[in-house]
Amino acid sequence: MRVRNATDEDIKSIIEMARDFYAHTVYDIPFDEGSTRENIETSMSYELCFIAEDSEGVEAGFILGVASPFLVNRDHYVCAELAWWVMKEYRNTSAGIKLLKALEGGAKEAGCTYIAMMCLENLEPDMIASMYEKMGYAPAERTYFRRL
């Protein structure tokens, strides 16, 4: 499994994987390809957009992050995950961990002090939480959503 920075040539496949990711969320906002493309391009501008490929070059997953100033001290930045997705057939491979490690490395290079990761409540959250904790992550906040 190889992980690399995404390029413009990867945008179309990341959009399709994002469509698959979005189908597993609880949100009912229509999927907008243009918005998805802009978010991917924003992540790429921070060099926080990575793609995993198998040995034959088939896309296995992606991870997107953005860097923003920390609320109480603009001298420090946090990398916030926008999306992290591994295609179902690659979930028991090294793809997910390699993507996360790539994002961590990219965040360090971007000058981030922290990285904030999430997990979908309807897609093995206990397993993801356990993996995060094994990698040194600690719970800091919970996110709750309500349709307005």
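First things first, this report covers the structure right here in the doc.

Calculation criteria
- The residue numbering used here restarts from 1 in each chain and proceeds along that chain's sequence as written.
- For a predicted model such as this one, the threshold for reporting local features is a pLDDT of at least 70, and the threshold for listing and counting side-chain atom pairs is 80 or more; totals across whole chains, interfaces and linings nevertheless cover every residue.
- The basis for the side-chain values is all heavy atoms of the structure; hydrogens and waters are excluded.
- Only runs of H or I of at least four residues qualify as helices and only runs of E of at least two qualify as strands under DSSP, and these elements are numbered from the N terminus.
- It is over C-alpha atoms that the radius of gyration is taken, and the globule rule equals 2.2 Å times the number of residues to the power 0.38.
- When accessible area is computed with a 1.4 Å probe and restricted to protein chains, residues below 20% of their type maximum are described as buried, those above 50% as exposed, and intermediate ones as partly exposed.
- Here a patch means residues that are over 30% exposed by relative accessible area and free of salt bridges, tied together within 9 Å if like-charged and within 5 Å if nonpolar (Val, Leu, Ile, Met, Phe, Trp, Tyr).
- Using a 1.4 Å probe, accessible areas were evaluated by the Shrake-Rupley method; residue-level cover was limited to the displayed protein chains.
- Any Lys or Arg side-chain nitrogen found within 4 Å of a carboxyl oxygen on Asp or Glu counts as a salt bridge.
- A residue counts as positive if it is Lys or Arg and as negative if it is Asp or Glu; His and the chain ends are not included.
- For this purpose, a charge sits on NZ of Lys, CZ of Arg, CG of Asp or CD of Glu.
- Comment: axis = line fitted to C-alpha atoms, over the contacting stretch for helices; angle = value between 0 and 180 degrees taken between N-to-C directions.
- In this scheme the handedness of a crossing depends on how the near helix is turned from the far one: anticlockwise by less than a right angle means left-handed, clockwise means right-handed.
- In what follows, residue pairs with any heavy atoms lying within 4.5 Å of each other are defined as contacts.
- The residue classification treats Ala, Val, Leu, Ile, Met, Phe, Trp, Tyr, Cys and Pro as nonpolar and Asp, Glu, Lys and Arg as charged. All others, Gly included, are polar.
- Counting rule for disulfides: a pair of cysteine sulfur atoms within 2.5 Å.
- Any two strands with at least two DSSP-identified bridges between them are counted as paired.

1. What to know about the overall build of the chain
Link 1 in the chain: Counting its secondary structure elements, the chain contains 4 helices and 5 strands.
Link 2 in the chain: Taken from the N to the C terminus, the helices and strands of the chain come in the order β-α-α-β-β-β-α-β-α.
Link 3 in the chain: For the chain, the C-alpha radius of gyration of 15 Å lies close to 15 Å, the compact-globule estimate for 148 residues.
Link 4 in the chain: Looking at the chain as a whole, 37% of its 148 residues qualify as buried.

2. Details of a negative patch on the surface
Link 1 in the chain: Negative charge collects at one region of the surface, where Asp8, Glu9, Asp32, Glu38 and Glu41 lie side by side.
Link 2 in the chain: Here glutamate 9 lies in the loop between β1 (2–5) and α1 (11–23).
Link 3 in the chain: For glutamate 9, a relative accessible area of 67% puts it in the exposed group.

3. Structural notes on the pattern of salt bridges
Link 1 in the chain: Using the criterion set out here, one finds 5 salt bridges in the structure.
Link 2 in the chain: Across the pair glutamate 33 and arginine 19 runs a salt bridge, and its minimum N-O distance is 3.1 Å. Of the two residues, glutamate 33 is situated in helix α2 (residues 33–45) and arginine 19 in helix α1; the sequence distance between them amounts to 14 residues.
Link 3 in the chain: Taking relative accessible area as the criterion, glutamate 33 reaches 40% and is therefore assigned partly exposed.

4. Points about the packing of α1 against α2
Link 1 in the chain: It is at 10 Å that the axes of α1 and α2 come closest, and there the two elements cross at 120°. Seen from above, α1 lies across α2 with right-handed handedness. For the pair formed by α1 and α2, the contact residues are Ile11, Ile14, Ile15, Ala18 and Arg19 on the first element and Glu33, Thr36, Arg37, Ile40, Glu41 and Met44 on the second.
Link 2 in the chain: When grouped by side-chain class, the residues that make up the contact of α1 with α2 number 6 nonpolar, 1 polar and 4 charged.

5. Examining a nonpolar patch on the surface
Link 1 in the chain: The grouping of Phe70, Leu71, Val72 and Tyr114 at the surface amounts to a nonpolar patch, some 500 Å² of accessible area in total.
Link 2 in the chain: Counting through the fold element by element, leucine 71 comes out in the loop between β3 (59–70) and β4 (73–86).

6. Focus: the state of the cysteines
Link 1 in the chain: Scanning the entire structure with this criterion turns up 0 disulfides.
Link 2 in the chain: Of all cysteine sulfurs in the structure, the one in cysteine 79 sits closest to cysteine 112, which takes part in no disulfide; the separation is 5.2 Å.

7. Notes on the pairing of β3
One face of the sheet, then the other: side chains in a regular strand alternate in exactly this way.
Link 1 in the chain: Where strand β2 (residues 49–53) and β3 come together, 5 bridges link them in antiparallel fashion. What sits directly across from alanine 52, in β3, is glycine 61.
Link 2 in the chain: Remark: 5 residues form the turn of the hairpin made by β2 and β3, two consecutive strands paired antiparallel; glycine 57 in that turn has positive phi of roughly 85°.
Link 3 in the chain: Taken together, the 10 bridges between β3 and β4 define a ladder with antiparallel strand orientation. By the bridge assignment for β4, glycine 61 is matched with valine 86.
Link 4 in the chain: From the end of β3 to the start of β4, which pair antiparallel, there are 2 residues.

Take it as geometry only, folks, not as evidence of what the structure does.
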